[in-house]
Amino acid sequence: MSMLTFNVIDVETANSDRASICQIGIVHVRDGQIVDQWQTLVNPEDRFSSRNIKIHKIDESAVRNSPLFPDVHDELCTRLSGTILISHTAFDRIAFERVMQKYGLDQLQVTWLDSAIIARRAWPEHYYQRGYGLKNLTKDFGISFNHHDALEDARAAAEIVLHACLATGIDISGWLSQIKSPIYSSPSGSRIPITREGNLEGSLFGETILFSGKLSIPRNQAADIAAKAGCNVVSDTRKKITILVLGTQNLSKVSGNKTRKHKRVETLISRGKEIQILSEADFFKLIDFDC
């Protein structure tokens, strides 16, 4: 592997507004080794929610004398401009885009790469049910870290990427190409449940969707469309779902021949779970998609 040089960044936020960055952690990896680390608290000039404080233990008093984001902008540009910058999921990338807009600053000139997507392609059969969060991944690789500390999370993500590179023989330049390819089946050809992580910018972000029955388009395509609209896509009812989509071609049969997933969801609804059941056509109408 010729290219194992990259940077990893992680942020914590004061509240649900992704522009409310209150901590930044950066790890620099050169030729497969962590060579430098940098972190700072940031005064977000915003309120701290009790939920976020509980997660990362940072509050107003901790950042009272910390720099504002514009004060660290030059440092970020010096460390990161022109580099490959990795974050675990799109959260950190979006947070940076939002905070730059908030202060009218130029966006970071970097090539973004998502370590969660790398993990999904490196180990497609291992984590599709448990998820590709740092907590699950680090546990399996024996990586110790203090979760929800920005620098610690950045270091953990860096180590996950290095594990993925060593396990697959794919370096960073290879991953930049590899992540554009779908992961619908394993190298051996065995079937892998179709799952997706929802686009944070999608109108239905926060919803978890399950497809059942024969769709009018390939299931992979439907999953991609749903994920772009913001939905997490799961493959069975063991996950907490909020929307069940029934294949349009099966609508004439559902009264007498309901799928196993359909029956299971109806049982969950009878137990008080709030789950919408939509036809394929109604779902695509909901997200304004024209088949």
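The model shown is predicted, which means the values in this text are computed figures rather than measured ones.

Criteria and cut-off values
- Residues numbered from 1 in each chain as written.
- Predicted model: local features only at pLDDT ≥ 70, side-chain atom pairs only at ≥ 80, totals over all residues.
- Heavy atoms only, no water.
- Helix = DSSP H or I, 4+ residues; strand = E, 2+ residues; numbered from the N terminus.
- Buried < 20%, exposed > 50% of the residue type's maximum accessible area, 1.4 Å probe, protein only.
- Polar contact = N/O pair within 3.5 Å; in protein donor to acceptor, adjacent residues only side chain to side chain.
- Contact = heavy atoms within 4.5 Å.
- Pairing = 2+ DSSP bridges.
- Phe/Tyr/Trp six-rings, centres within 6.5 Å; stacked < 30°, edge-to-face > 60°.
- Arc of directions from axis to C-beta.
- Right-handed = clockwise from strand over helix to strand, strands pointing away.

A few points about the side chain of T138
So, point 1. Position of T138 among the secondary structure elements: in helix α6 (residues 134–141).
So, point 2. Judged by relative accessible area, T138 falls into the buried class, the value being 3%.
So, point 3. For T138, the side chain forms a polar contact with the main-chain oxygen of L134, separated by 2.6 Å.
So, point 4. Look past the residues within four positions of T138 in its chain and what remains in contact with it is I143, F145, A156 and I160.

Some remarks on the pairing of strand β8 (residues 243–246)
Sheet faces and side chains relate simply in a regular strand, where the side chains alternate between the two faces.
So, point 1. Where burial is concerned, the two faces of β8 agree: the one with I243 and V245 and the one with L244 and L246 are both buried.
So, point 2. Pairing of strand β6 (residues 208–212) with β8 involves 4 bridges; the strand directions are parallel. When the bridges of β8 are listed, F211 appears paired with V245.
So, point 3. Looking at chain direction, β8 and strand β9 (residues 276–279) are connected through 4 bridges and run parallel. Following the sheet pairing, V245 is matched in β9 by L278.

Quick word on the packing of aromatic side chains
So, point 1. Across all of its chains, the model carries 5 aromatic pairs by this definition.
So, point 2. With a centroid separation of 6.5 Å and an interplanar angle of 45 degrees, the aromatic rings of F96 and W112 are classed as tilted. Pair noted here: F96 is in helix α4 (residues 91–103) and W112 is in strand β5 (residues 111–114), with a separation of 16 residues, a long-range link.
So, point 3. In this structure an aromatic cluster arises from ring pairing among F69, F96 and W112.

A closer look at helix α10 (residues 260–270)
So, point 1. Of all the residues in α10, the buried ones are K261, H262, V265 and L268. With its buried residues spanning 120 degrees around the axis, α10 presents them on a single face. Those residues of α10 that are exposed and angled more than 90 degrees off the buried face are R260 and S270.
So, point 2. Lining the buried residues of α10 we find β6, α9 (219–228), β8 and β9.

Looking at the pairing of β5
So, point 1. The pairing of strand β4 (residues 84–87) with β5 spans 4 bridges and is parallel. In the strand pairing of β5, I86 is matched with L113.
So, point 2. Read from β4 through α4 to β5, the crossover connection turns out right-handed.

Don't take any of this as a statement about function, it's just geometry.
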